[in-house]
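Listed below are the residues making up each chain.
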Amino acid sequence: GDSFIYNQKPQTIIYGDPTFSLSQNKREQVENFSNDIGFSLGKPKGQISKIVAEQNQIAISDNKGTIYNLDQQSGLNILASLPLGIKTMTWWSGEKNSTPSLVVATNERCSQKIGCLFKYEFTNTGKLIRSELKLNYEDRINKLISHDLTQDGYEDLLVLDSQENLLLFVNENSRQGR
């Protein structure tokens, strides 16, 4: 439509698209999802930049550096705000059968005064604790992945830094069991 709107007489412009129509889905289930439109759980202040999920934990970050925790019953809840922006994040379980912690790396380069890698975890009482993770890496972090790479039952942290170094940080809990 819009490509011809300025070159045609007003009498010849067709409003709408006569070749497009919506048809009602007659099936009850489509690929194990309901056929409804869905419902809104909330809207972040900025544009969504990352979504990470593990077990029943879902974290969403926006381009303004805000991290949200998504809960189906209460919707989006602000978890933290990092004015430096968020480069990457992942869920990480430090101990077997523990509630995962959210590990977040900021966009900025790391220094002694300004940390760039943080761990967010909830206590049993629901209190949020933020702690800085001091790992040995170059400049800034581009990617974080948590996975049990050593196959010992504990999740390790895999880091890709800005110098293209791929670094494995083995979970300390795994060494105690050896």
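Cut-off values and rules
- Residues numbered from 1 in each chain as written.
- Predicted model: local features only at pLDDT ≥ 70, side-chain atom pairs only at ≥ 80, totals over all residues.
- Heavy atoms only, no water.
- Pairing = 2+ DSSP bridges.
- Helix = DSSP H or I, 4+ residues; strand = E, 2+ residues; numbered from the N terminus.
- Axes fitted to C-alpha atoms, helices over the stretch in contact; angles between N-to-C directions.
- Core = buried A, V, L, I, M, F, W, Y, C linked by side-chain atoms within 4.5 Å.
- Buried < 20%, exposed > 50% of the residue type's maximum accessible area, 1.4 Å probe, protein only.
- Contact = heavy atoms within 4.5 Å.
- 1 Å grid on protein atoms, 1.4 Å probe; cavity = no way out; pocket = protein on both sides within 12 Å on 5 of 7 lines; lining within 4 Å.
- Points joined across faces, edges and corners; volume = space filled by probe spheres on them.
- Nonpolar A, V, L, I, M, F, W, Y, C, P; charged D, E, K, R; others polar.

Chemist: How should I be thinking about the sheet that holds strand S13 (residues 166–169) in this particular structure?
Modeler: Strand pairing in a sheet relies on backbone hydrogen bonds, with the paired strands running either antiparallel or parallel. The strand order across the open sheet formed by 3 strands is S11-S12-S13, and the pairing between neighbours is antiparallel. Pairing within the sheet leaves two strands with one partner each, and these edge strands are strand S11 (141–147) and S13. In this sheet, adjacent strand axes meet at a mean angle of 20° when their direction is disregarded. Here S11 pairs with strand S12 (residues 156–161) via 6 bridges, running antiparallel. Note that in S12 the partner of Ile141 across the bridge is Asp161.

Chemist: How should I be thinking about the nonpolar core in this particular structure?
Modeler: Considering soluble globular proteins, one finds that nonpolar side chains tend to be buried as a cluster. Ile67, Leu82, Leu102, Val104 and Tyr120 are the most contacted members of the largest nonpolar core, which has 13 residues in total. When contributions to this core are tallied by element, the ones reaching two or more residues are strand S6 (75–81), strand S7 (86–92), strand S8 (101–106) and strand S9 (117–122). Considering each element in turn, this core owes the most residues, 3 residues, to S7. Apart from the residues lying within four places of it in its own chain, the contact partners of Leu82 are Lys64, Gly65, Ile67, Val104, Thr106, Phe118, Tyr120 and Arg130.

Chemist: Would you explain empty space enclosed by the protein in this entry?
Modeler: Summary: where empty space remains is shown by rolling a probe the size of a single water molecule over the atoms. Scanning the entire structure with this criterion turns up 1 cavity of 30 Å³ or more. One number sums up the size of the largest cavity: a volume of about 30 Å³. At 3 residues, the largest contribution of residues to the lining of the largest cavity is made by S9. Class assignment for the residues of the lining of the largest cavity results in 7 nonpolar, 1 polar and 1 charged.

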